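Observations on the three-dimensional arrangement
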Amino acid sequence: MMSNKVQTDKAPAAIGPYSQAIVVNGLVFTSGQIPLNPETGMLEGTDIAEQTHQVCKNLSAVLTAAGSSLERAVKTVCFLAEMSDFAAFNAVYEQYFTEKPARSCVAVKELPKGALVEVEVIAETNNG
């Protein structure tokens, strides 16, 4: 099994011992993205909508670097700090994930750096 680590400066650098994504067997598995601005490393946005936009931009950059795109997503896992943000999160999420991949969405106690949202993606690569 051959795998390739993905790294792009168009998305935030990993804040721990992990890769932005791994490509294996025609699939890309992203690490969870929180709403960090890739240029400043700081949290972007103060509400769930602003933060979700940044998360989706980060995911798009990682997927592009991996030879994929949001449109090729087959599964997402979404983490919300507050389930009361579910509707507002969905309103932004559906603008980016237009192909409606399979999805899980859960509320968690807290997220890194106090983020309101984190999303990870499994997608087909353009070679898949």
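Please read these numbers as outputs of a predicted model, since none were measured by experiment.

**A look at the nonpolar core**
Across soluble globular proteins, nonpolar side chains have a tendency to be buried as a group. With 27 residues, the main nonpolar core has Val28, Leu59, Phe89, Phe97, Val117, Val119 and Val121 as its most contacted residues. With 7 residues, the top contributor of residues to this core is helix 1 (residues 48–65). Ignoring anything within four residues of it in the chain, the contact list for Val117 reads Gln33, Ile34, Pro35, Ile48, Gln51, Thr52, Val55, Phe79, Leu80, Phe89 and Leu111. Formed by 6 residues, the second largest nonpolar core is a distinct cluster that contains Ile34, Leu36, Leu111 and Ala115.

**Some points on the side chain of Asn58**
Mapping Asn58 onto the fold places it in helix 1. Residue Asn58 is classed as buried on the basis of its relative accessible area of 1%. At 3.0 Å, the side chain of Asn58 and the backbone oxygen of Leu36 are in polar contact.

**Digging into the side chain of Ser19**
By the element assignment, Ser19 lies in the loop between strand 1 (3–6) and strand 2 (21–24). In this structure Ser19 touches Lys5 and Ser31, once residues within four positions along its chain are discounted.

Thresholds, definitions, all that
- Residues numbered from 1 in each chain as written.
- Predicted model: local features only at pLDDT ≥ 70, side-chain atom pairs only at ≥ 80, totals over all residues.
- Heavy atoms only, no water.
- Core = buried A, V, L, I, M, F, W, Y, C linked by side-chain atoms within 4.5 Å.
- Buried < 20%, exposed > 50% of the residue type's maximum accessible area, 1.4 Å probe, protein only.
- Helix = DSSP H or I, 4+ residues; strand = E, 2+ residues; numbered from the N terminus.
- Contact = heavy atoms within 4.5 Å.
- Polar contact = N/O pair within 3.5 Å; in protein donor to acceptor, adjacent residues only side chain to side chain.

Any functional reading would require information beyond the geometric quantities listed.
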